[in-house]
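Now for the letters of each chain:
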Amino acid sequence: MSHVLVEFAGGVRTVTLDRPEKRNAMNQAMLDALHAVFVSEPAPDERVVVIRARGPSFCAGIDLAERRQRGTPTSESPVERVFHAMETYPLPIISVVQGAAIAGGCELALHSEFVVAAEDARFGMSLAQIGLAPTWFLCKKLMEVAGPVATREILLLGDPVPARWMYDHGLIARIAPANELDATVAGLVDRLCANAPLSLRAMKALIIRQLDYRDGIDRKDTEDLVRTARTSADAREGMAARLERRPARFVGS
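Below is a summary of the structure that appears in this document. Per chain, residues are indexed from 1 in the order of the written sequence. Given that this is a predicted model, residues contribute local features only at a pLDDT of at least 70 and side-chain atom pairs are listed and counted only at 80 or more, while totals for whole chains, interfaces and linings are drawn from all residues. Side-chain numbers come from the whole structure's heavy atoms, not from hydrogens or water.

**Comments concerning the nonpolar core**
In terms of nonpolar packing, the biggest core is built from 57 residues, with Phe38, Phe58, Val97, Phe123, Met166 and Ile172 touching the most fellow members. Numbering of helices and strands runs from the N terminus, with a helix taken as a DSSP run of H or I at least four residues long and a strand as a DSSP run of E at least two residues long. Looking at this core element by element, the count peaks at 7 residues for helix H5 (residues 136-157). Aside from chain neighbours lying at most four places away, what touches Val97 is Phe58, Ala109, Val115, Val116, Ala117, Ala118, Ala121, Phe123 and Leu181. Within the second largest apolar cluster, 13 residues are counted, among which are Val50, Val96, Leu181 and Leu200. Note on terminology: a nonpolar core comprises buried Ala, Val, Leu, Ile, Met, Phe, Trp, Tyr and Cys residues joined through side-chain atoms within 4.5 Å. Buried residues are those whose accessible area, probed at 1.4 Å on protein chains only, stays under 20% of the maximum for their type, while exposed residues exceed 50% and partly exposed ones sit between those limits. Contact between two residues is taken to exist if any of their heavy atoms lie within 4.5 Å; hydrogens are not considered.

**Re the pairing of strand S4 (residues 93-97)**
For S4, the buried fraction is high: 5 of the 5 residues fall into the buried class. Side-chain alternation along S4 places Ile93, Ser95 and Val97 on one buried face and Ile94 and Val96 on a second face that is also buried.

**Considerations on the environment of Arg174**
Structurally, the position occupied by Arg174 is in strand S9 (residues 174-176). Assessed through its relative accessible area of 35%, Arg174 is described here as partly exposed. Remark: the alpha-carbon pair of Arg174 and Glu119, spanning 55 residues in sequence, is separated by 9.3 Å. Dropping the residues within four chain positions of it, Arg174 is found in contact with Val115, Val116, Ala117, Tyr167, Thr184 and Leu188.

**So, the sheet that holds strand S3 (residues 48-53)**
Pairing is mixed across the open sheet formed by 6 strands, whose spatial order is S1-S2-S3-S4-S6-S9. At either end of the open sheet lies a strand with only one pairing partner, and these are strand S1 (4-9) and S9. Strand after strand, the sheet turns through a mean of 20 degrees between neighbouring axes, direction not considered. Note on pairing: DSSP must find at least two bridges between two strands before they are called paired. As paired strands, strand S6 (residues 114-118) and S9 are joined by 3 bridges and run parallel to one another. Within S9, the residue paired with Ala117 across the bridge is Ile175. For helices, the axis comes from a line fit to the C-alpha atoms of the stretch in contact; other axes are also lines fit to C-alpha atoms, and the angle between any two N-to-C directions lies between 0 and 180 degrees. Relative to the sheet, helix H1 (residues 28-39) contacts S1, strand S2 (12-17), S3 and S4, its axis offset from that of S2 by approximately 170 degrees. Helix-sheet contacts for helix H7 (residues 181-194) involve S2, S3, S4, S6 and S9, and the interaxial angle to S6 is about 165 degrees.

**Some thoughts on the sheet that holds strand S7 (residues 122-124)**
Hydrogen bonds along the backbone pair up the strands of a sheet, which may run parallel or antiparallel. Strand order in this open sheet of 3 strands is S5-S7-S8, and the pairing throughout is mixed. Single-partner strands in this sheet number two, and they are strand S5 (100-102) and strand S8 (161-162). Looking at chain direction, S5 and S7 are connected through 3 bridges and run parallel. Pairing of Ile102 across the sheet is with Gly124, part of S7.

**With respect to a positive patch on the surface**
Like charges are joined within 9 Å and nonpolar side chains (Val, Leu, Ile, Met, Phe, Trp, Tyr) within 5 Å, but only among residues with over 30% relative accessible area and no salt bridge; these make up the patches. We get accessible surface area from the Shrake-Rupley algorithm with a probe of 1.4 Å; when it comes to residues, only the shown protein chains can shield them. We define a salt bridge as a side-chain nitrogen of Lys or Arg found within 4 Å of a carboxyl oxygen belonging to Asp or Glu. A positive count includes Lys and Arg, and a negative count includes Asp and Glu. His and the chain ends are not counted in either. A charged residue contributes its charge at one atom only: NZ of Lys, CZ of Arg, CG of Asp or CD of Glu. Residues Arg23, Arg122, Arg242 and Arg245 make up a contiguous surface patch of positive charge. In this fold, Arg122 is placed in strand S7.

**Remarks on the packing of helix H3 (residues 78-88) against H5**
The interhelical angle for the contact between H3 and H5, taken along N-to-C directions, is 40 degrees, at an axis separation of 10 Å. With respect to H5, the axis of H3 lies oblique. Contacts from Glu80, Phe83, His84 and Glu87 of H3 reach H5 at Phe137, Leu138, Lys141 and Glu144. We call two directions roughly parallel when the angle between them is under 35 degrees, roughly antiparallel when it is over 145, roughly perpendicular when it lies between 65 and 115, and oblique otherwise.

**Section: the pattern of salt bridges**
Per the stated rule, a full pass over the model turns up 14 salt bridges. Between Arg54 and Asp18 there is a salt bridge, and its shortest N-O distance comes to 2.5 Å. Taken as a pair, Arg54 in the loop between S3 and helix H2 (64-70) and Asp18 in the loop between S2 and H1 lie far apart in primary sequence, 36 residues in all. By relative accessible area, which is 45% here, Arg54 ends up partly exposed. Members of the salt-bridge network, linked through shared partners, are Glu87, Lys141 and Glu144.

Right, here's the structure in full:
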């Protein structure tokens, strides 16, 4: 069971995360299903993709219990594969966020062209609190949308921040009261669907290409640091502590 529902109607492809009992934490089956959605060619009459989630939370990130069992990826991570496919998908993507969007869930939202969040939603990158570090690809996205000051706040502290903070710092496109969230999304969808589809495709491609220059920067030393953190005893302790709902005891190794 993939826990990802895909529907298409009126030019809109709706992708729903459907694992509410786990706060929509993404396991391998979900990542595979999401990747399949975004590497496929859009239907001729498709105009926009909307990512939603069932339950009180948008997405708690990667399923830590499964990650502990599978170990650290030795090649391109499954979550990076999904986000790269989203970036290169030819049409605009809207993420609709309620509750919490944490770690991979935060990045999932930020890899959309538009994030529409409930006013009481929260975003966060809690990796430092569990002994992990974002890859080059994930940090690059934060720098693109947040800039260095807000990126430091999000990454180095690791505490969730409210949707209003995200909106005020230009990281998300819209916020709305929870009871007006669907209407706000519908208005944005209607505006996008009214625009010329070839123009939308060209503009999305232009924006992504403008940002691609960072991929050419030498980064082996930073990737080594990230790998050291992700394979450390502290990372194993941090994930265990988070799953066991206790404070982590980090020793720096």
